[in-house]
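# Coordinate analysis (summary)
Each chain, written out:
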Amino acid sequence: MRRCTTARINTEADELFVVISGSATIEVADGPTLTVGPGDMAVLRAGDRTTWTVHETLRKAYAISL
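Presented here is an overview of the structure given in this document. Bear in mind that the values here come from a model prediction, so they are computed numbers and not experimental data.

Conventions and cut-offs
Residues numbered from 1 in each chain as written. Predicted model: local features only at pLDDT ≥ 70, side-chain atom pairs only at ≥ 80, totals over all residues. Heavy atoms only, no water. Helix = DSSP H or I, 4+ residues; strand = E, 2+ residues; numbered from the N terminus. Rg over C-alpha atoms; globule rule 2.2 N^0.38 Å. Buried < 20%, exposed > 50% of the residue type's maximum accessible area, 1.4 Å probe, protein only. Contact = heavy atoms within 4.5 Å. Lys, Arg positive; Asp, Glu negative; His and termini not counted. Charge placed at Lys NZ, Arg CZ, Asp CG, Glu CD. Salt bridge = Lys/Arg side-chain N within 4 Å of Asp/Glu carboxyl O. Phe/Tyr/Trp six-rings, centres within 6.5 Å; stacked < 30°, edge-to-face > 60°. Lys NZ or Arg CZ within 6 Å of the ring centre and 35° of its normal.

This brings us to the overall build of the protein chain. Along the protein chain, the regular secondary structure elements total zero helices and five strands. When the elements of the protein chain are put in sequence order from the N terminus, they spell out β-β-β-β-β. Taken over the C-alpha trace, the protein chain has a radius of gyration of 11 Å; the compact-globule value for 66 residues is 11 Å, and the two agree within 12%. Taking the principal axes of the C-alpha coordinates as reference, the protein chain spans close to 25 × 20 × 20 Å. Across the 66 residues of the protein chain, 32% fall into the buried class. In the protein chain, of all internal contacts separated by at least 6 residues, the share reaching a separation of at least 24 is 68%. Within the protein chain, one finds 7 positive and 8 negative side-chain charges whose respective centroids are separated by 6 Å.

Written out as structure tokens, the structure is:
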């Protein structure tokens, strides 16, 4: 389990996730900025460089593809 308010993450595998609770802003380098909250679904691609700013403790369900 990861707990943080801001994190820089290099996505290692394709990831599909849905937010169960909380909210965050995800900045994808050379890509979009996503604002996600409960019920939102998003896809991150392997190799994406992201900066997550967590506004409320984030819980998500996810699946990855290796």
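More follows now that the structure is in view.
Next up on the list: the pattern of salt bridges. One pass over the structure, following the stated rule, counts three salt bridges. For Asp-14, the salt bridge is made with Arg-45, and the minimal N-O distance between the two is 3.8 Å. Linking Asp-14 in strand β2 (residues 14-28) with Arg-45 in the loop between β4 (41-44) and β5 (49-65), this pair joins segments that are 31 residues apart in sequence. Arg-45 gets classed as partly exposed once you look at its relative accessible area, which sits at 49%. We note a salt bridge from Lys-60 to Glu-15, for which the minimum N-O separation is 2.7 Å. One end of the pair, Lys-60, is in strand β5; the other, Glu-15, is in strand β2, with 45 residues separating them in the sequence.

Right, let's talk about the packing of aromatic side chains for a bit. Note on aromatic pairs: each is described by the distance of the centres and the angle between the planes. The final tally for this structure, using the stated rule, is one aromatic pair. The side chain of Lys-60 reaches across the aromatic face of Phe-17, ending 4.7 Å from its centre. Positioned above the aromatic ring of Tyr-62 is the side chain of Lys-60, whose terminal nitrogen or guanidinium carbon lies 5.5 Å from the ring centre.

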